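If you want the building blocks of each chain, they are given just below.
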Amino acid sequence: MTGSGDLLVSVESLAVDLANEPGPVVLDVRWQLGGPPGIDSYRRGHLPTAVFTDLDRVLAGPPGPGGRHPLPDLAAFQAAMRAAGVRQDRAVVVYDDGDSTIAARGWWTLRYYGHENVRVLDGGYRAWVGAGLAVTQAEPGPVPGDFTARPGHMPMLDAAAAQAAALTGRLLDARSRERYRGETEPVDPVAGHIPGAVSAPTVGNVNANGTFADAAELAARFAALGVAEDGTAVGAYCGSGVTAAHEVLALALAGVPAALYVGSWSNWVADPARPIATGD
């Protein structure tokens with residue numbers, strides 16, 4: 001079972017780490033669907049030494065049939081991480097505004113491309129400010145890193161594998177229940193869910209303050225959804241493979257390895273021949 005200390009860091013622990021040299025590389029990945037741009041929030045104030053990292057331009061490739069947030073190009077991602085100061089032998093901490101939805105995508109992408117020491121700031125920027133810790137508007141000029149991107153270090157699903165997981169394992173839909181049931185679809189052209197998938201909104205992974213529920217609570221939640229630690233294939237998807245990374249992180253905290261369907265619903269509905277379910 002993976003310990004939360006391997007995946008999350010508290011604001012108190014990070015403050016101590018940043019006070020020592022060399023501290024971890026800190027990536028600010030704040031982003032909101034429909035805006036405003038995360039860089040605006042970053043410029044108003046961010047954690048000391050944090051480098052802004054854009055979801056759309058760095059943590060994902062251009063949208064297309066592969067989905068709205070497909071995997072970033074290997075060379076482009078490597079170059080962006082090196083420019084941010086990411087090194088093979090130096091810890092990385094990723095944060096967003098609070099519930100770790102975007103930070104989890106940063107965590108997953110770095111892990112997928114082979115970085116072995118990446119943690120998410122539990123509670124994000126909101127928790128940092130709430131603890132009375134210092135923020136800055138100064139933008140750092142990091143020493144270029146030596147990170148080498150090597151794909152394949154996290155399990156990933158394509159559409160066929162996602163369908164198989166829904167039929168023979170457990171495929172969790174991380175979107176809201178309304179989107180799962182097909183009652184509303186604010187982004188993609190078709191509403192509904194992958195047949196056989198189970199509704200598991202990521203809001204159920206966190207406490208009211210945006211920090212993750214503890215491992216026992218998460219394990220109980222996923223067990224109630226039919227997820228077992230028995231080797232049964234577990235996957236997660238959402239609208240575009242961002243929110244689902246949060247599900248994968250929560251499952252990891254609960255001790256359950258899971259694969260991410262990066263293309264998610266935006267890739268699934270790109271092929272009109274794929275089946276669609278609505279309702280519960």
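Peer 1: Which parts of the structure should I look at to understand the overall build of the chain?
Peer 2: When you go through the chain residue by residue, the secondary structure sums to 10 helices and 10 strands. For 280 residues, the compact-globule estimate of 2.2 N^0.38 gives 19 Å, and the C-alpha radius of gyration of the chain, at 18 Å, lies within 12% of that figure. C-alpha atoms of the chain, sized along the principal axes, occupy 50 × 40 × 30 Å. Taken over 280 residues, the chain has a buried fraction of 52%.

Peer 1: Teacher, can you tell me more about helix 4 (residues 101-112) here?
Peer 2: Because each turn of an α-helix spans 3.6 residues, side chains separated by three or four positions in sequence point in the same direction. Between its first and last C-alpha, helix 4 extends 17 Å over 12 residues, near the 16 Å set by a 1.5 Å rise per residue. Most of helix 4 is tucked away: 11 of the 12 residues are buried. When we look at burial in helix 4, the residues that qualify are T101, I102, A103, A104, R105, G106, W107, W108, T109, L110 and Y112. Note on helix 4: the residue one or two positions beyond its end, G114, has a positive phi of about 100°.

Peer 1: I tried to follow the pattern of salt bridges on my own but got confused; where do I start?
Peer 2: For the structure shown, the criterion picks out 15 salt bridges. R30 is paired through a salt bridge with D97; the nearest N and O atoms lie 3.9 Å apart. Remark: D97 occurs in the loop between strand 4 (92-95) and helix 4 and R30 occurs in the loop between strand 2 (25-28) and helix 2 (38-44); sequence separation between them is 67 residues. The exposure class assigned to R30 is buried, which follows from its relative accessible area of 3%. Measuring nitrogen to oxygen at the nearest pair gives 2.9 Å for the salt bridge that ties R179 to E185. Because the salt bridges share partners, they merge into one network encompassing R68, D173, R175, R179, E185 and D188.

Conventions adopted
- Residues numbered from 1 in each chain as written.
- Predicted model: local features only at pLDDT ≥ 70, side-chain atom pairs only at ≥ 80, totals over all residues.
- Heavy atoms only, no water.
- Helix = DSSP H or I, 4+ residues; strand = E, 2+ residues; numbered from the N terminus.
- Rg over C-alpha atoms; globule rule 2.2 N^0.38 Å.
- Buried < 20%, exposed > 50% of the residue type's maximum accessible area, 1.4 Å probe, protein only.
- Expected span 1.5 Å × (residues − 1).
- Salt bridge = Lys/Arg side-chain N within 4 Å of Asp/Glu carboxyl O.

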